[in-house]
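# Chains, contacts and geometry: an overview
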Amino acid sequence: ASRTARYASMAVVFDVTRTDTERQGHAKQYRNSGTLPSTFLPVVTTKVFGEQIIHRAELLGIVYICERFSNTHIYTDSTVTLSGVTKCLETDNVATLSHLEDFDLLERLHACIHLGTKQFSKVKAHDENDMEVDLLTTYHRLGNKAVNDLAVLANQYLSPALRTDMERIHKDISQQQANLVE
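First, a word on what this report is: a plain description of the structure on this page.

Analysis parameters
- Residues numbered from 1 in each chain as written.
- Predicted model: local features only at pLDDT ≥ 70, side-chain atom pairs only at ≥ 80, totals over all residues.
- Heavy atoms only, no water.
- Helix = DSSP H or I, 4+ residues; strand = E, 2+ residues; numbered from the N terminus.
- Buried < 20%, exposed > 50% of the residue type's maximum accessible area, 1.4 Å probe, protein only.
- Contact = heavy atoms within 4.5 Å.
- Core = buried A, V, L, I, M, F, W, Y, C linked by side-chain atoms within 4.5 Å.
- Salt bridge = Lys/Arg side-chain N within 4 Å of Asp/Glu carboxyl O.
- Axes fitted to C-alpha atoms, helices over the stretch in contact; angles between N-to-C directions.
- Parallel < 35°, antiparallel > 145°, perpendicular 65-115°, else oblique.
- Left-handed = near helix turned anticlockwise from the far one by under 90°.

A count of helices and strands for the protein gives 6 helices and 4 strands. Its helices and strands in sequence order give the protein the pattern β-α-β-α-β-α-α-β-α-α, from N to C terminus. Each principal axis of the C-alpha distribution contributes one length, and for the protein these read about 60 × 45 × 30 Å. Residue burial in the protein is summarised as follows: out of 182 residues, 41% are buried. Of the contacts formed within the protein by residues at least 6 apart in sequence, a portion of 72% connects residues at least 24 apart.

In structure tokens:
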């Protein structure tokens, strides 16, 4: 999509299982049935404010969780977002982050990231059907799928008029670019 016609949504789900054994059981059930576990409960969906890019949506989700919960383990498929998280963890002076993209969100994250115990882990995106990985890894990838599916639905239903406008703008820009080439 063209930079001027992008739109993004963010979603957060909570995993309500209590043990890794339970998670592994749900992953095994998924492998047998193809049905996503009902243990990923939707918490929030919203449109992204500011620049409409996926890693900003991921960062907004992390900020949302960290501002509300002190002790948590957050999984993301975004290396760019985890880089921003690491930079927040490594500095005491938020001003050292001011040159970074999405500073407004990094500033909010920096204010709460050290409260309580927070863990951050990378999960591979769109690979929940890989049978070569252990069941716990599959479960975490299913959580990522649940978040992604919810964000896609949010994009479709939270602002249908905006989506229609952005798709029209993208089509117009693409046509104008094609005309310039001719």
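Met10, Ile62, Cys66, Leu109 and Phe120 are the most contacted members of the largest nonpolar core, which totals 25 residues. For this core, the elements supplying multiple residues, two or more each, are β1 (9–15), α2 (54–68), α3 (79–90) and α4 (103–112). No other element matches the 8 residues that α2 contributes to this core. Apart from the residues within four sequence positions on either side, Leu109 is in contact with Leu59, Ile62, Val63, Cys66, Val85 and Cys88. Membership of the second largest hydrophobic core comes to 10 residues, among which are Ala11, Ala27, Tyr30 and Phe40.

Evaluation of the coordinates by the stated rule reveals 10 salt bridges. Between Arg56 and Asp104 there is a salt bridge whose closest N-O contact spans 2.7 Å. Here Arg56 is found in helix α2, whereas its partner Asp104 is found in helix α4, with 48 residues between them in sequence. Looking at Arg56, the relative accessible area reads 5%, which means it is buried.

So, on to α4. Here α4 has its buried residues at Leu105, Leu106, Leu109, His110 and Cys112. Buried residues belonging to α4 abut α2, α3 and β4 (118–122).

Our focus in this paragraph is the packing of α2 against α3. When two helices pack together, their arrangement is given by the angle between the helix axes and the distance between those axes. Two elements in contact, α2 and α3, have axes whose closest approach is 8 Å; the angle formed by their N-to-C orientations is 45°. Classed by the angle they form, the pair α2 and α3 counts as oblique. As for the relative orientation of α2 and α3, their crossing is right-handed in sense. Seen from α2, the contacting residues are His55, Glu58, Leu59 and Ile62; seen from α3, they are Val80, Thr81 and Val85.

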